Amino acid sequence: QVRLVESGGGLVQPGGSLRLSCAASGNIYRIATMGWHRQAPGKERELVATINSGGSTNYQDSVKGRFTISTDNAKNTVYLQMNSLKPEDTSVYYCYVHWQSGVISHIDWGQGTQVTVSS
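Throughout what follows, the structure given in this document is the object of discussion.

Each value, and the rule that gives it
- Residues numbered from 1 in each chain as written.
- Predicted model: local features only at pLDDT ≥ 70, side-chain atom pairs only at ≥ 80, totals over all residues.
- Heavy atoms only, no water.
- Disulfide = S-S within 2.5 Å.
- Helix = DSSP H or I, 4+ residues; strand = E, 2+ residues; numbered from the N terminus.
- Buried < 20%, exposed > 50% of the residue type's maximum accessible area, 1.4 Å probe, protein only.
- Pairing = 2+ DSSP bridges.
- Contact = heavy atoms within 4.5 Å.

Structural notes on the state of the cysteines
A covalent bond between the sulfur atoms of two cysteines is what we call a disulfide.
Phase 1 of the analysis: Scanning the model with the defined rule gives 1 disulfide in all.
Phase 2 of the analysis: Note on cysteine connectivity: Cys 22 is disulfide-linked to Cys 95, with sulfurs 1.9 Å apart. Here the disulfide of Cys 22 and Cys 95 is right-handed, its torsion about the S-S bond being about 50°. Of the two residues, Cys 22 is situated in strand E3 (residues 18-25) and Cys 95 in strand E9 (residues 91-101); the sequence distance between them amounts to 73 residues. Each of the two residues, Cys 22 as well as Cys 95, counts as buried.

A word on the pairing of strand E4 (residues 30-39)
Phase 1 of the analysis: Burial analysis of E4 places 8 of its 10 residues in the buried class, which makes it a mostly covered element.
Phase 2 of the analysis: Examined bridge by bridge, E4 and E9 share 9 bridges and lie antiparallel to one another. What sits directly across from Met 34, in E9, is Val 97.
Phase 3 of the analysis: What sits between the antiparallel neighbours E4 and strand E5 (residues 46-52) is a turn of 6 residues, in which Gly 42 has the positive phi angle 80°.

Focus: unusual backbone geometry
Phase 1 of the analysis: Even without glycine at this site, Asn 76 takes up a positive phi of about 50°.
Phase 2 of the analysis: Mapped onto the secondary structure, Asn 76 falls in the loop between strand E7 (67-72) and strand E8 (77-82).

Some remarks on the side chain of Arg 66
Phase 1 of the analysis: Within the secondary structure, Arg 66 is located in the loop between strand E6 (57-59) and E7.
Phase 2 of the analysis: We classify Arg 66 as buried; its relative accessible area is 11%.
Phase 3 of the analysis: When residues no more than four places from it in sequence are discounted, the contact partners of Arg 66 are Gln 81, Met 82, Asn 83, Ser 84, Leu 85, Lys 86 and Asp 89.

Things to note about the pairing of strand E11 (residues 113-117)
Phase 1 of the analysis: Where burial is concerned, the two faces of E11 differ: the one with Thr 113, Val 115 and Val 117 is buried and the one with Gln 114 and Thr 116 is not.
Phase 2 of the analysis: As paired strands, strand E2 (residues 10-12) and E11 are joined by 3 bridges and run parallel to one another. Pairing of Val 12 across the sheet is with Val 117, part of E11.
Phase 3 of the analysis: The sheet contact formed by E9 and E11 spans 3 bridges and is antiparallel. Following the sheet pairing, Tyr 93 is matched in E11 by Thr 113.

Okay, here's the thing in structure tokens:
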């Protein structure tokens, strides 16, 4: 069983920063990709950023230059450093891990952490 535990959400003023963390535990054999999605009320879930096992990253256009995704492979942990936050970044942020066991792919999700950007 794989478990993802997120932390770091909260309330921040526009222009502020937050750092989200997501630690994966359990029988994870080989991680292919980790990343973050977000979902605002009344909107569909959208990709924010991903990072693969080789360290290559991908970002949604609206967060490029403001958000940075990184990992600590020894801890199976993914981070999202969010700077210059805007009110439109307000969402529940979900981390995920895409991992493989032999030829079988698995995707597991965290429980979500609320990020609110407001003055």
